[in-house]
Amino acid sequence: MTWLIIGGAGYIGAHVARAMTAAGESVVALDDLSSGVAERLPEGVPLVRGTVADRALLDRTLAEHSVDGVVHLAARKEVAESVADPLLYYRENVHGLTVLLEAVVAAGVGRFLLSSSAAVYGTPPDDAPVTEATPCRPVNPYGETKLAGEWLVRATGAAHGLATSCLRYFNVAGTALPELADRGRSNVVPIFLERLARGEAPVINGDGYPTPDGTCVRDYVHVADVAAAHLAAARYLTTAPAGSDLTVNIGTGTGVSVRELAVLAAGAMGRSDIEPVVGPPRAGDPARVVAAVDRAREVLGFTAAHDMREMIASAREGRLATVSAQVTTGNESAGQRG
Ligand SMILES: NC(=O)c1ccc[n+]([C@@H]2O[C@H](COP(=O)([O-])OP(=O)(O)OC[C@H]3O[C@@H](n4cnc5c(N)ncnc54)[C@H](O)[C@@H]3O)[C@@H](O)[C@H]2O)c1
């Protein structure tokens with residue numbers, strides 16, 4: 001089996017490439033390096049540089065590498081940017097996927113795995129763990145494009161006999177190796193570590209929520225676990241019936257509050273003297289979003305193995321590696337989207 005990983009030089013994509021090659025799968029990556037870093041790819045994984053919207057490049061790549069399955073991770077993923085520039089998000093995340101699916105169908109590739117997100121749920125109706133049957137009501141264009149992507153994948157799979165899977169990751173954090181760390185600045189763990197490194201207090205967005213400590217509760221999942229889930233899903237797809245779809249939450253099933261996260265981050269940075277400060281709540285932030293993980297366990301045999309402490313400790317190591325790489329290259333913005 002040869003898998004084409006689109007967005008394979010990204011934070012999560014590189015972890016997936018690493019997990020799949022380590023398990024003996026043959027892997028090719030396609031990435032435009034808009035936020036990816038070529039050096040993240042494991043040795044021996046060919047990188048095709050280009051965009052997912054380039055149909056001729058996709059046709060060539062699928063044929064030359066005799067691709068059997070596609071894992072699609074390439075997307076824009078900043079919520080605020082999606083609100084400011086929804087057309088960019090629909091073009092990149094939905095139009096790009098349409099071009100890719102057309103190429104996949106034309107080439108007769110039989111398996112397709114999509115990166116989806118807990119953002120498809122928006123604000124869950126209550127505090128119960130979010131199951132895959134919870135109604136999807138995204139609250140920003142990013143979440144809308146992820147949900148539209150799921151619809152596209154399922155409809156195409158049903159019409160053209162592809163076995164498909166949409167993995168809805170919750171809040172991804174940590175790193176398996178320092179050099180694979182998240183270099184973006186939009187996720188809460190890197191943001192807190194960055195502030196603490198500057199001696200500044202992490203800022204919590206509101207503490208008046210109906211949760212035990214008043215701050216929002218989320219489900220953080222280690223990126224190495226997310227990669228393991230992809231491997232499990234890829235293996236599942238190799239024997240799944242043509243035209244079938246498996247949509248599945250990828251989380252830990254455990255909630256961690258923003259205050260707990262801030263305290264753990266301060267401890268990991270040796271700055272337990274710094275107390276988080278509380279800022280105003282953000283509009284539209286649900287109090288609690290935690291995954292129901294039964295389907296992942298029952299169908300994929302997947303259970304997350306890492307806890308919050310490991311995510312923060314590894315993210316801290318990854319931050320140090322990123323800072324030292326930037327000092328070496330003298331390029332603060334290398335591989336980042338801002
Ligand atoms: N990081 C999270 O917490 C999280 C949570 C849920 C879902 N996701 C989803 O996971 C996927 C990967 O996210 P990530 O955190 O690794 O982001 P990332 O920005 O590190 O990775 C995206 C990769 O795709 C590449 N890319 C972007 N547009 C492309 C295009 N048009 N053609 C080819 N390559 C392109 C980038 O260069 C990058 O290597 C995204 O689909 C995202 O929506 C991420």
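Labelled according to an unreviewed UniProt entry, the protein appears under the name UDP-glucose 4-epimerase, originating from Streptomyces calidiresistens. UniProt, in the comment section headed Pathway (unreviewed entry), describes the protein in these words: "Carbohydrate metabolism; galactose metabolism." Word for word, the UniProt comment on the protein under Catalytic activity (unreviewed entry) is "UDP-alpha-D-glucose = UDP-alpha-D-galactose".

**Description of the site of the ligand**
In the region of the ligand, 29 residues are neighbours, and D31, S35, K77, Y142 and K146 sit closest. Contact between the ligand and G10: an oxygen atom at 3.0 Å from a main-chain N or O atom of the residue. T51 places a side-chain nitrogen or oxygen 3.3 Å from a nitrogen atom of the ligand. At the level of secondary structure, the elements contributing two or more residues to the shell around the ligand comprise helix 1 (11-22), strand 5 (111-117) and helix 5 (141-160). Element by element, the count of residues in the shell around the ligand is highest for strand 5, at 3 residues. Here the shell around the ligand is built from residues that sort into 12 nonpolar, 11 polar and 6 charged.

**Examining the UniProt feature "domain: NAD-dependent epimerase/dehydratase" (unreviewed entry) in the protein**
According to UniProt, the "domain: NAD-dependent epimerase/dehydratase" (unreviewed entry) feature falls on residues 3-251. With 39% helix and 19% strand, the stretch residues 3-251 has end C-alpha atoms that lie 24 Å from each other.

**Brief notes about the pattern of salt bridges**
The tally for this structure, following the rule as stated, stands at 15 salt bridges. The partner of E200 in a salt bridge is R198, and the shortest N-O contact between them spans 3.1 Å. The salt bridge partner of D285 is R282, with a shortest N-O separation of 3.1 Å. Here the salt bridges share partners, and the residues they tie into one network are E150, R154, R168 and D245.

**Looking at the side chain of R40**
With respect to the secondary-structure elements, R40 resides in the loop between strand 2 (26-31) and strand 3 (47-49). We note that R40 is buried and unpaired, the nearest opposite charge coming from D182 at a distance of 5.6 Å. Not counting chain neighbours up to four residues away, the residues in contact with R40 comprise A9, G10, Y11, A14, S35, E179, L180, A181, D182 and R183.

**Focus on the confidence of the model for the protein**
As a note on interpretation, predicted positions should not be read in detail where pLDDT is low. Summary statistics for the protein give a mean pLDDT of 94 and a share of 96% for residues scoring 70 or more. In the model, residues 331-338 has pLDDT below 50 throughout and makes 18 contacts with residues more than four positions away in sequence or in other chains.

**A look at the environment of L162**
Along the chain, L162 falls in the loop between helix 5 and strand 6 (163-169). Sequence separation of L162 and D245 is 83 residues, and the distance between their C-alpha atoms is 8.5 Å.

**Some points on the domain arrangement of the protein**
Accessible area lost upon the coming together of the parts is a frequently used measure of interface size. By domain assignment, the protein separates into domain 1 (2-172 + 221-250) and domain 2 (178-217 + 253-326). A separation of 24 Å is found between the C-alpha centroids of domain 1 and domain 2. Taken together, the contacts link 32 residues of domain 1 with 26 residues of domain 2. For the pair domain 1 and domain 2, the summed buried surface comes to about 2,600 Å²; carbon and sulfur atoms form 63% of the total. At the surface where domain 1 touches domain 2, the tally comes to 0 salt bridges. Taken together, domain 1 and domain 2 are joined by 9 residue pairs in polar contact (both at pLDDT 80 or more).

**Some remarks on the pairing of strand 2**
Within a regular strand, the side chains alternate between the two sheet faces. Extensive coverage of strand 2 is indicated by the burial of 5 of its 6 residues. The pairing of strand 1 (residues 2-6) with strand 2 spans 5 bridges and is parallel. Paired with L4 across the strands is V28, a residue of strand 2. With helix 1 bridging strand 1 and its parallel neighbour strand 2, the resulting β-α-β unit is right-handed. Relative to strand 3, strand 2 is paired through 3 bridges, and the arrangement is parallel. For D31, the partnering residue across the bridge sits in strand 3 and is R49.

**Considering helix 7 (residues 223-239)**
Here helix 7 is 17 residues long and its end C-alpha atoms lie 25 Å apart, about the 24 Å a rise of 1.5 Å per residue gives. All of the buried residues along helix 7 are V223, D225, V226, A227, A229, H230, L231, A232, A233, A234 and L237.

**Notes on the environment of L97**
For L97, the location among the structural elements is in helix 4 (residues 86-107). The exposure class of L97 is buried, given its relative accessible area of 1%. Along the backbone, L97 and A75 are 22 residues apart, and their C-alpha atoms lie at a distance of 9.1 Å. Discounting residues that sit within four places of it in the chain, L97 has contacts with H72, E92, F112, L114, G149, L152 and V153.

Parameters at a glance
Residues numbered from 1 in each chain as written. Predicted model: local features only at pLDDT ≥ 70, side-chain atom pairs only at ≥ 80, totals over all residues. Heavy atoms only, no water. UniProt positions renumbered as here; feature names shortened; annotations may be inferred. Near = heavy atom within 4 Å. Polar contact = N/O pair within 3.5 Å; in protein donor to acceptor, adjacent residues only side chain to side chain. Helix = DSSP H or I, 4+ residues; strand = E, 2+ residues; numbered from the N terminus. Nonpolar A, V, L, I, M, F, W, Y, C, P; charged D, E, K, R; others polar. Salt bridge = Lys/Arg side-chain N within 4 Å of Asp/Glu carboxyl O. Buried < 20%, exposed > 50% of the residue type's maximum accessible area, 1.4 Å probe, protein only. Lys, Arg positive; Asp, Glu negative; His and termini not counted. Contact = heavy atoms within 4.5 Å. pLDDT = per-residue confidence, 0-100. Domains from an automatic or database assignment. Buried area = accessible area lost by both parts, 1.4 Å probe. Pairing = 2+ DSSP bridges. Right-handed = clockwise from strand over helix to strand, strands pointing away. Expected span 1.5 Å × (residues − 1).

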